[in-house]
Amino acid sequence: MMKKIMAFGIVSLVLLLTACGNSAIEDFSHTDQRGEELSLENLKGTPWLSTFVFTNCTTVCPPMTFNMASIQEELAAQGIDQYKIVAFSVDPAVDDPEVLNDYLKKFNVPDESKWHLLTGYSQDYIAEYAKDNFKSFVKKDPSSDQVVHGTSFYLMDKNGEVANNYDGYGDVPVEEIVEDLKELLDESE
């Protein structure tokens, strides 16, 4: 019974935190799956989609990554190519660049060059960064190798501000995300 109450509490907190957003995020500079540094400054001027995943996730991350690839397919079908996809690993001790690269290869992504799966920071850092910048929950489960985290996708504008957030796991609004990204591109012209 106590586990159910704790699980309900965690899920409630995740939903509460991910309902917030629409703010500028703090600068970062981390290593991606190619071993290259990516910073907020590198992303300025381009809208980007962001999320939180980890490679040995047994629940939400594979569907979320598949869903992000589906969004990319729709972007490609509409001829949209001015964007990036940034996924912060919530298990950076395990997810080094090689592991992240192998993970991404499991998915049929239309253009891998748009993806940046980030690592190179501590567990405490990503928990705080997710909370402070995306209002998202990240907590390493002390009784397993899993990490509890939010399942939102975030649309970031060209200035690194959260423009919108969406369900990235269940009922993913692909068309809405594509339309919102198009609007951001139109604003920057």
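Described in the following lines is the structure provided in the data block. (Residues numbered from 1 in each chain as written. Predicted model: local features only at pLDDT ≥ 70, side-chain atom pairs only at ≥ 80, totals over all residues. Heavy atoms only, no water.)

## Thoughts on the pattern of salt bridges
For clarity, the threshold we go by: A side-chain nitrogen of Lys or Arg and a carboxyl oxygen of Asp or Glu constitute a salt bridge if their distance falls within 4 Å. A run of H or I in DSSP counts as a helix once it spans at least four residues, and a run of E counts as a strand once it spans at least two, with each numbered from the N terminus.
Under the criterion given, the structure shown has seven salt bridges. In this structure, Glu112 engages Arg34 in a salt bridge whose closest nitrogen and oxygen atoms are separated by 2.6 Å. One end of the pair, Glu112, is in the loop between α4 (97-105) and β5 (115-118); the other, Arg34, is in the loop between β1 (29-31) and β2 (37-39), and 78 residues separate them in sequence. Each of the salt bridges in this network shares a partner with another, and the network as a whole consists of Asp32, Arg34, Glu36 and Glu112.

## A word on the sheet that holds strand β8 (residues 152-156)
Threshold: A pair of strands is considered paired only if DSSP assigns at least 2 bridges between the two. The axes are straight lines fitted to the C-alpha atoms, using for helices just the contacting stretch, and the angles between their N-to-C directions are given from 0 to 180°. Contacts: residue pairs with any heavy atoms within 4.5 Å of one another.
The sheet built from five strands is open, its strands ordered β5-β4-β3-β8-β9 with mixed pairing. Two strands close off the open sheet at either side, each with one partner strand: β5 and β9 (162-167). Averaged over all pairs of adjacent strands, the angle between their axes in this sheet comes to 20°, without regard to strand direction. Seen against the sheet, helix α6 (residues 174-187) touches β3 (48-53), β8 and β9 and runs at an angle of roughly 170° to β9.

## Remarks on the environment of Pro63
Note the cut-off: A simple rule labels every residue: compare its accessible area, found with a 1.4 Å probe on the protein chains alone, to the largest value its type can have, and call it buried under 20%, exposed over 50%, or partly exposed in between.
Within the fold, Pro63 resides in helix α3 (residues 61-77). The class of Pro63 is partly exposed, set by a relative accessible area of 27%. Distance in space between the C-alpha atoms of Pro63 and Gly168 is 8.5 Å, their sequence separation being 105 residues.

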